[in-house]
Structure formats: structure tokens, C-alpha cells
Amino acid sequence: MKPTHLFITTVIAMIIAACSPKVSPPAAPDVPAKEDPIEAKVEALLRKMTLEEKIGQMNQYSGFWEATGPAPKGGNQERQYDQLRNGLVGSMLNVNGAAATREVQKIVMENSRLKIPLLIGYDVIHGYKTMFPIPLGETASWDLNLMEQTARIAATEAAAGGVHWTFAPMVDISRDARWGRIMEGAGEDTYLGSLVAAARVKGFQGSDLSANNTVAACAKHFAAYGFAESGRDYNTVDISEHTLHNIILPPFKAAADAGAATFMNSFNEIGGLPSSGSALLQRDILKKDWNFDGFVVSDWGSIGEMVGHGFAADTSDAARIAALAGSDMDMESRAYIVHLANWVKNKTVPEAYVDDAVRRILRIKFRLGLFDDPYRYCDEEREKRITLSPAFMDVARDAGRKSIVLLKNEGNLLPLKTEAKRIAVIGPLAADKDAPLGNWRAQGMANSAVSLLEGVQAAAGPNTEILYAQGAALSVGLRTFLLPTTINTSDKSGFAEALAAARKAEVVVLAIGEDCWQSGEGRSVANLELSGLQMELFNEIYRINKNVVVVLMNGRPLAIQELAGKAPAIVEAWHLGSQAGHAIADVLFGKYNPSGKLPVSFPRVTGQVPIYYNYKSTGRSYPSKPNEVTWSHHNDVPNSPLFPFGFGLSYTTFSYSDIALSAKEMTAAAPLQVSVTVTNSGKAAGTETVQLYVQDLVGSVTRPVKELKGFQKITLAPGESKKVTFTITAKDLEFYTAARKWEAERGAFKVFVGTNSAEVKEAGFVLK
Ligand code: BGC
């Protein structure tokens, strides 16, 4: 560049900087703890690095184009290789497999001046090759050990495939089933979501990040991505400070406390401030208040997208804003690698900020053991030996059946009788070996799941004939991550065969719901009803044979009011992963008594969303007399959901005693014991998740009508009773108050214990 051009560019940059929104100053750069050997190594290395090499560490590329977002303009593979050779790339994503990751690592290790190993990242969301239930589904197990275990296995397989770092767990709370990415998180509840976040971080990272079977975790998307207006992906978020602190941030805090090595920021703005440009989130809350010493990666292109938001004048300006705000690594915007050095040279971005980011990135590379052996994860023999091992498949099956939620079972149609003469297995998803793998399936091989049909065939008795008919395809055309799903709305040519099968069978198992590519990133919908011809198919079958067991496979809550009014049995089976068919058959035939509970409310109709159990009561929460109009309600639909948060049936029944309290009052020094006795009042052994909720009746900011504060899973034989005791401490009653602090406010509370968020026993106490 000619000097005059450089001068003009610098002046323009300074004007832009002066006109751009103010970014609060960063937290004091991290002061390394002297006695920690890793910190000393980080400092020594940092001192050797040129500015360009430092910024190189903050630069991340995808190994192939158009993977999960548009590739930046001007990008080409040759240039990428050049930059790898010159130490100008700190991390790659979407390169995987022991051989490929070794190749790319070699480029850096054999050519770059300082030989700083690459960090290889990948979206290992619910399995790497062995696929487990989608995270929303798996959360329905309410089984934290299980979730830690499946993350552990995913890490083991991914690490054997050369991956160092997963972009998971996704800990975004979401109350809006229209949002396609609700499938990736733990649902609508902050308390449950926080426990799940910690369990998954521990699973991925194990107890030693440098072991060759652990990967660094990444809590994403920081923050509020799940609160996109109208559930439309990437859309504006405009929420209160209290919603941010009380509802959205706690799972991130839990992930940080569990030791998550990294965070990913989010595409959305919050109240006018894009997350990638938010010093409040990244520097003040995360790095300062929470003492987080790992690094923050941007989401794909999210730094550059601040131009689209109208928050940065151009990509260069975006680089300045993001670097000041504490986005440490730039995923695919090419903003840092092209522009950041100029901002440092003209003293707009102090080099100390770059040092802080690089220190964080190097720290994680050291903790992963990459400086000891950059190829320690690339072992083809190990990769072959451990991936898809039978032991992993057993866990996938167990995780699958524990994630299933029994929504309805009229007349005990389930479990199916093994001596049934003919069972018809029908529906667009009945023989599908791909949909159960779900979206975000990493290296899960297409069509590798056990289908429902295969599961039923394997589980049915020798004298049972299984009839199969698809009825109607759910979609037409190619089904992939990147293409929109085209729903079949007209081809009913398979109906006749399906009806014939239904006529002959004693019972019909009808598999409907969503294709795996109907939920996930960019897959938001405005209609939550069953798509295409599915309701019509159900209605025609139901006319002929009333014994219909509906198996729903879906990545989000669906609005199935009509279906639920008719079908005698409904089994919520999400997208359950590699062993889906066997897991569902275990439940259908009673080999496993369903125990899952919904981690998210199911609306009656789409117009009810966002719908969630921990709503605020409003000033007009119920009618004061019959036929009242002027209270908070819809005129055409009750306020309640079709199936509430925490709901799930069993093949047995549980009865709850009234609540017994250890006292009527509690203090910070004297916690409260809350007990109920739960009895298995049915005929089968079963597992119940006993749920504890509280309500703070008066707050300095209004409080939800109920908040989950504890749960216990118990297994009871028929007739058996167990006393279940919860302890409520003052800490459990804390929230982010009007004083902008986490504290418990004195006063009256209600406590509820029950089988789901709507069916509870109730008592009251006072916090003194
Ligand atoms: C998603 C992230 C993901 C990244 C890398 C983005 O589009 O929002 O969740 O980790 O791509 O694949």
C-alpha cells in the first residue's frame, strides 16, 4: 500500500472509530500466576511472537467451504495453506479424522516459524460417529450421569478422530419451539439447563484436558441466541436485564464453573448490542465477574456480521469493535487477519488486548497438551479400534430409551403384547434410517440408525407378523444439512397400502413427526403443526383402526392438539440417534418402562408460543367472575400448554402424599426440609422424577409462578413407597434482584412437589 493510501486509510479508520458506538474498556489483562508452569510457558512464547503471528492465533478457518455458513469472499484454499505455513492460522474447524487432522497439523508444524500447534474444532453436539439422542431429547432423561457419559463417549470418539475441541454444549435456554435450534439445547428451564450444561462440560473435558480421549468444551451461544424474536433464527433479541441474568446466563455460568475451556459468542444482538461487540458480556461478565480464563471464539462470521447489524461500518471496523469487546478468535470473518494489525499499529486497539486474547488461546493449547505432542490426537489405529464400539452402542440404546416420554396411554394400549398376531408399522418415519440421527450429526453416517421398523421386527414375538407401509413420504428431493426441506403435500399414492395394513392389524404403530432437517440451524418454522400429509394419514388410519400408537420423532415441541385428542397412545421419541429403533421398541414392548419427562412445554397451538411453565402471573392472571373478558388470556385457547414442562407418563402410576415441612420458617443458617412420600400405585416397577418447585410471592422484581429447584429420580416396585426429602437453602432462593445482585429476599414462599410442573402438592414457608 502506498504511504498516502495508508495515511488516508488510517484517518478514515480514526474517524470511524470516533463515530462508532463506545465499547467499555476491557478487564485488566490477565495477570499470569507465576507458579503455574503453563502460564510461564505462555508468557515466554508470547514474547517471541510478532504482532502478525499473534493475530494469526486469533484467526480460525473452516477446512471446507460453505459448511455451516457462507464462505467469506475472496477466500481460497491456496491462500489458506499459505497462511497455515506462515503461522497465521490458530485454529481450523471442520477438518476431522486422524489422517486429515495430521495432514493439516503437519503444514503448521513443518513450516511455521514458531510451530504453534493448530487447534482443531468441530461441532460434536450429540455424538461423533455413535449418535446419541439430540440434546433436547436426551435432557428428557433428567439423568445427569447419563448425559455426562454420552458426552464422554462423544469426546473419546472425536478425540480419536483428531478433534481437540467441540463447539458444545449449546446451553441456550429457549421458550420458543419455532426456533429450529431448540433441538440442540436443554429446553426451557434454567435450573435443569444449568445442571445439564455442567454435566456435558465434564463429560467432554473429563478430569484431564491433556488426556488423548478428552476435548475442550465450548459453551455457546453467548448470549440470548435462543430468545430470537418470533423464533426466527438469527433474529433480533430484545430482553430485559432481569431475563438475561435470571433465565439466560445461569447455564453459561454453570458451564464456566464446571471448567469449560471456551465460549462462543452469538449471532444476535441484545437490545441493540451484537454479542460479538459486547464488552459487557465478554469482558465484564464472563472474564471479570466469572473469572473465566479460557477464550471466546466468535460464531461463524459473527464479527463481520456486525456490518449487517448496522453496528460496524465495514469489516475493518467490526474487527476493531470485536477485539475491544473481547472476542478472542475470529471464526471465518477474516476480520482480524486482514484488519486488526492496522488498528493496533494506529494505537486504536492496544496491543495488550491482543496479548490477552492470544494468552487465552495459547493457555488452552498448552492445557490440551498440544505443545507436548501436536499429533497426540491423530492416531489412526486408535480411531479404528474405538469408534462405533459395541459398548458405545449399548449406551446409545440406553440413552435412547431413557429419553423417551410417554405422552398418552389410554386403556393401557401400551406396552404392546408380544403375542399380538399382526402389528402394522406405518408412516413416513417408520423405516427411516436417517431421520433418527438428528441434525448436527458430526460424522454420524447417513442412514446408519436402527429404524423403528427394524427395532419392532427384532423385538416382536416369533408369532407376530409385522406389516409395513410408508403411507406417504414426509419430504421430497434431497435431504441434507444445507438444503431446505421440501415437504410432500400431494403424493398420497402410498395411502391405500397403508390403510390395507391398518385394516389387517390388531394395532398400528404410526411413526410421524419431523425429518431431522426440519429442525436445527436456519430451520425455524411459523407452524408447529404436523407438516404435509401426516395428519391426513393419521385420520384415515384412525377411521379404520382405533388402536393407533403414535411414535413422534421430532426436534422440537409440536402442536398436536387434534392428534392428542384422538390417538390412544403417543410416544415422544425425538431423534434418538444410532440405536433409535431398538430404544423405541424397548419401550413399546415394555422391556423398558418409560421414565422421560418433557424438558419443554408442548403448546396446544402455535399461537401460544413462547409458552413456558415459569411465566409471570401478571396483574390479571385469572377471571374474577364467570364469563369475564378482561383478564390475561386468549379467547380461543386455554392458557395452559397441551403437555406441561416436566410431564411424562409411565406404565405404572405414582401417588404423592401431602408435603411435610421441617419448619414453617427458614433462615440462611437454618435450611428447610421438604418431604413427600411417593408410592408406586400401579402394577409395574417404574422410575419417577420427583420435582420440586418454589414461588417467591413478592419480589423487588416480579417473580415466576414456579421455578424448578430440585428433582430426584427414584425407582419403585409395585406397592413400594419412598420418602423423598429436598433441602431448600437461602442460596436456592437467590435471584438477580432490583439491586442488581444475586440475593434472596425475605418473605413468603410457596413450595410445590409433584410429577410435573402442573400436577403438584403445595405448602408455604417464610424466609426470615
Ligand atoms: C453455528 C455454531 C457452530 C458453527 C461452526 C455456526 O453456524 O451457529 O453453533 O458451532 O457454525 O460450525
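As a reminder, the structure under discussion sits directly above these lines.
Our subject in this report is the structure included herewith. (Residues numbered from 1 in each chain as written. Predicted model: local features only at pLDDT ≥ 70, side-chain atom pairs only at ≥ 80, totals over all residues. Heavy atoms only, no water.)

### As for the side chain of E269
With respect to the helices and strands, E269 occurs in strand β7 (residues 269-270). Buried charge without a salt bridge: E269, with R232 as the nearest opposite-charge side chain at an N-O distance of 10 Å. Within the structure, E269 has its side chain in polar contact with the backbone nitrogen of G272 (distance 2.8 Å). Beyond its immediate stretch of four places on either side in the chain, E269 contacts T236, V237, P274, S275 and H309. (Helix = DSSP H or I, 4+ residues; strand = E, 2+ residues; numbered from the N terminus. Buried < 20%, exposed > 50% of the residue type's maximum accessible area, 1.4 Å probe, protein only. Lys, Arg positive; Asp, Glu negative; His and termini not counted. Salt bridge = Lys/Arg side-chain N within 4 Å of Asp/Glu carboxyl O. Polar contact = N/O pair within 3.5 Å; in protein donor to acceptor, adjacent residues only side chain to side chain. Contact = heavy atoms within 4.5 Å.)

### As for the site of the ligand
Taken together, 13 residues are adjacent to the ligand, and D123, R181, K220, H221 and D299 come closest. In this structure, D123 approaches the ligand through a side-chain N or O atom, which is 2.5 Å from an oxygen atom. Protein contact buries 100% of the 310 Å² of open area that the ligand shows by itself. (Near = heavy atom within 4 Å. Areas by Shrake-Rupley, 256 points an atom, 1.4 Å probe, with all protein chains shown as cover.)

### Considerations on the sheet that holds strand β4 (residues 165-166)
Where strands meet in a sheet, backbone hydrogen bonds hold them as pairs that are either parallel or antiparallel. Read from one edge to the other, the open sheet built from five strands follows the order β4-β3-β2-β1-β10, with strand pairing classed as parallel. Each having just a single partner strand, β4 and β10 (330-331) make up the two edges of the open sheet. (Pairing = 2+ DSSP bridges.)

### Regarding the environment of D434
On the secondary structure map, D434 appears in the loop between β12 (422-426) and α17 (452-459). Look at D434 and you get buried, because its relative accessible area is 6%. Placed twelve residues apart in sequence, D434 and A446 show a C-alpha to C-alpha distance of 5.8 Å. Residues contacting D434, with those up to four places away along its chain left out, are R441, A446, N447, R479, C516 and W517. Within the structure, the side chain of D434 is placed 2.8 Å from the backbone nitrogen of N447, a separation counted as a polar contact.

### Notes on the nonpolar core
As a rule of thumb, soluble globular proteins bury nonpolar side chains together. Residues F263, L340, L452, L563 and L588 are the most contacted members of the largest nonpolar core, which totals 177 residues. Looking at which element gives the most residues to this core, the answer is helix α14 (residues 351-367), with eight residues. For this core, the domains that each give at least three residues are domain 1 (1-116 + 274-388) and domain 2 (400-599). Filtering out sequence-adjacent residues up to four positions away, L452 remains in contact with V425, A430, V509, A511, V551, M553, G581, I584 and L588. If you look at the next biggest cluster of nonpolar residues, it comprises 24 residues, including V678, L716, V724 and A763. (Core = buried A, V, L, I, M, F, W, Y, C linked by side-chain atoms within 4.5 Å. Domains from an automatic or database assignment.)

### Details of the pattern of salt bridges
All told, the structure shown has 43 salt bridges when counted by the stated rule. As a salt-bridge pair, D398 and K402 come within 2.8 Å of each other at their nearest N and O atoms. Residue D398 and its partner K402 are both found in helix α16 (residues 390-403); the two are separated by four residues, about one turn of the helix. A salt bridge links K492 to E536; the shortest N-O distance between them is 2.5 Å. Of this pair, K492 sits in the loop between β15 (486-487) and α18 (495-504) while E536 sits in helix α19 (residues 534-544), placing them 44 residues apart in sequence. Under the relative-accessibility criterion, K492 is labelled partly exposed at 39%. Put simply, R397, D398, R401, K402, D586 and K591 are held in one network by salt bridges that share partners.

### With respect to the pairing of strand β18 (residues 569-572)
What you see with β18 is no split at all: A569 and V571 on one side and I570 and E572 on the other are buried throughout. The pairing of strand β11 (residues 405-409) with β18 spans four bridges and is classified as antiparallel. Residue K408 lies in a different strand from β18, and its bridge partner there is I570. Looking at chain direction, strand β17 (residues 548-553) and β18 are connected through four bridges and run parallel.

### Notes on the layout of surface pockets
As a volume, the largest pocket reaches approximately 790 Å³. Considering the residues around the largest pocket, the lining is formed by 28 residues, among which T190, S194, P250, E734 and W742 are closest to the centre. Within the residue set of the lining of the largest pocket, elements represented by two or more residues are α8 (190-205), α9 (241-257), α10 (279-289), β24 (707-716) and β26 (735-736). At eight residues, the largest contribution of residues to the lining of the largest pocket is made by α9. A class-by-class count of the residues in the lining of the largest pocket yields 13 nonpolar, five polar and ten charged. (1 Å grid on protein atoms, 1.4 Å probe; cavity = no way out; pocket = protein on both sides within 12 Å on 5 of 7 lines; lining within 4 Å. Points joined across faces, edges and corners; volume = space filled by probe spheres on them. Nonpolar A, V, L, I, M, F, W, Y, C, P; charged D, E, K, R; others polar.)

### Observations concerning the packing of aromatic side chains
Following the criterion strictly, the structure yields 24 aromatic pairs and no others. Relative to F602, the ring of W574 has its centre 6.3 Å away and its plane inclined at 75°; by these criteria the two rings are edge-to-face. Linking W574 in the loop between β18 and α21 (580-588) with F602 in the loop between α21 and β19 (654-656), this pair joins segments that are 28 residues apart in sequence. By relative accessible area, W574 is classed as buried at 0%. Put simply, the rings of W142, Y191, Y613, F645, Y693 and F711 touch in pairs and so form one group of aromatic residues. Above the ring of W440, the side-chain terminus of K220 is found at 5.4 Å from the ring centroid. (Phe/Tyr/Trp six-rings, centres within 6.5 Å; stacked < 30°, edge-to-face > 60°. Lys NZ or Arg CZ within 6 Å of the ring centre and 35° of its normal.)

### Section: the sheet that holds β12
Pairing within the open sheet is mixed, and its six strands lie in the order β11-β18-β17-β16-β12-β13. Each edge of the sheet is formed by a strand with only one pairing partner; in this case those strands are β11 and β13 (465-469). Strand-to-strand twist in this sheet, taken as the mean axis angle between neighbours without regard to direction, amounts to 15°. The sheet strands contacting α21 are β16 (507-513), β17 and β18, and the helix crosses β17 at an angle near 145°. (Axes fitted to C-alpha atoms, helices over the stretch in contact; angles between N-to-C directions.)

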